[in-house]
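Below, each chain spelled out in residue letters.
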Amino acid sequence: MRVITRNCVHVSGPAGARPMLFAHGFGCDQSMWRAVAPDFAVDHRVVTFDHVGSGGSDLAAYDPERYGSLRGYAADVVDICRDLDLTDVVFVGHSVSAMIGVLAAQAAPERFGALVMVGPSPRYVDDEGYTGGFTRADVAALLDSLDANPQQWSAVLAPVVAGPGNPGVATELAQSFCRTDPAVARQFARVTFLSDNRDDLPRVRVPTLVLQCTQDAIAPEVVGRYVHEHVPGSVFRQLAATGHCPHLSAPEETTAAIRAFLAGT
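To keep things clear, this report deals only with the structure shown in the data block. Here the structure is a predicted model, which is why all the values come from computation and not from measurement.

Some details on unusual backbone geometry
Despite not being glycine, Cys8 has its phi angle at roughly 50°, a positive value. Even without being a glycine, Ser95 presents a positive backbone phi close to 55°. Within the fold, Ser95 resides in the loop between β4 (89-94) and α4 (96-107).

Examining the nonpolar core
In globular proteins that are soluble, nonpolar side chains generally tend to be buried together. Counting 71 residues, the largest nonpolar core has Leu21, Leu70, Val77, Phe112, Met117, Leu173 and Phe177 as its most contacted members. Excluding residues that lie within four positions of it along the chain, Leu70 makes contacts with Val96, Met99, Ile100, Leu103, Phe188, Val191, Ser195 and Asn197.

Digging into the packing of aromatic side chains
In total, this model carries 14 aromatic pairs according to the counting rule given. Relative to Phe40, the ring of Phe22 has its centre 6.1 Å away and its plane inclined at 45°; by these criteria the two rings are tilted. Here Phe22 is found in strand β2 (residues 19-23), whereas its partner Phe40 is found in helix α2 (residues 37-40), with 18 residues between them in sequence. On the basis of relative accessible area, Phe22 is assigned to the buried category, the value being 0%. By relative accessible area, Phe40 is classed as buried at 0%. Taking 4.8 Å as the distance between ring centres and 45° as the angle between the ring planes, the aromatic pair formed by Tyr67 and Tyr73 counts as tilted. The class for Tyr67 is buried, based on a relative accessible area of 0%. Ring pairing ties together the aromatic residues Phe26, Tyr62, Tyr67, Tyr73, Trp153, Phe177 and Phe188, which thus form one cluster. In this structure, Arg198 packs its charged tip against the face of Tyr130, placed 4.9 Å from the ring centre.

Some words on helix α11 (residues 251-262)
Helix length check: α11, at 12 residues, gives a terminal C-alpha distance of 16 Å against a target of 16 Å (1.5 Å per residue), a fit within 8%. Among the residues of α11, those classed as buried are Thr254, Thr255, Ala257, Ile258, Phe261 and Leu262. Down the axis of α11, the buried side of the element spans an arc of 160°, and every buried residue falls inside it. Away from its buried face, by an angle of more than 90 degrees, α11 presents the exposed residues Glu252 and Ala260.

A word on the pattern of salt bridges
For the structure on display, the rule yields 18 salt bridges. Among the salt bridges present, the one from Asp79 reaches Arg6, with a minimum N-O distance of 3.3 Å. With Asp79 in helix α3 (residues 70-83) and Arg6 in helix α1 (residues 3-6), this pair connects stretches of sequence that are 73 residues apart. Residue classification places Asp79 among the partly exposed positions, given a relative accessible area of 26%. According to the relative accessible area criterion, Arg6 is buried, its value standing at 11%. Bridged by salt links that share partners, the residues Arg6, Arg66, Asp76 and Asp79 form one connected network.

Reading the values: rules and limits
- Residues numbered from 1 in each chain as written.
- Predicted model: local features only at pLDDT ≥ 70, side-chain atom pairs only at ≥ 80, totals over all residues.
- Heavy atoms only, no water.
- Helix = DSSP H or I, 4+ residues; strand = E, 2+ residues; numbered from the N terminus.
- Core = buried A, V, L, I, M, F, W, Y, C linked by side-chain atoms within 4.5 Å.
- Buried < 20%, exposed > 50% of the residue type's maximum accessible area, 1.4 Å probe, protein only.
- Contact = heavy atoms within 4.5 Å.
- Phe/Tyr/Trp six-rings, centres within 6.5 Å; stacked < 30°, edge-to-face > 60°.
- Lys NZ or Arg CZ within 6 Å of the ring centre and 35° of its normal.
- Expected span 1.5 Å × (residues − 1).
- Arc of directions from axis to C-beta.
- Salt bridge = Lys/Arg side-chain N within 4 Å of Asp/Glu carboxyl O.

The following block contains the structure:
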């Protein structure tokens, strides 16, 4: 199966312009970039896609073994770049996709020119000397709740992800979570919340922007600053936007921050 179909890839913007690849987070799809990506299509080759198991991707292509780690998703990103013959790519990854971008750039460095991490976390679970924002008990309870009642889980988690003052975003997220196939959601949740990519951060070799939201319960500021401190030469930008999805709650601020970063790369 061609990757364009498998990952429901869409391309816009002038041919020959610097490519930007937008990757959505857990439980979402490429529509989450609708208020940001078009702005860049004016002067970039913009590529959006769905992770397998999400949105308009081909669910038949979902392989529990391949997607049993973030490297399977990173391999898909590399496939997209190779299929479209993209180089010097600006990879914009939200949440878990920030680490997927790190792994993709590690696997095919010749394809990537910059990383933009929106609400990144290399590890969600607290560890000795490291604050991820969740205890092991927190994550176990979250995963058990997803197993028991996906719809209730979505309704409870969505406002937490959206953050204070963003009820419309919370509603959209809850609906998006519910559209995800439950079996895929369960495995992707485990892969997301139990991964540890801290050792991959110092290996990043391209200009990197870390976008940190205010009052982000999923990836708090201490985590964003950890990413910044461990990615060589990275730029840290604190947004006024609250919650975990600034591309939905504050698209103009998000776009401006990315553009300011790209002006220096």
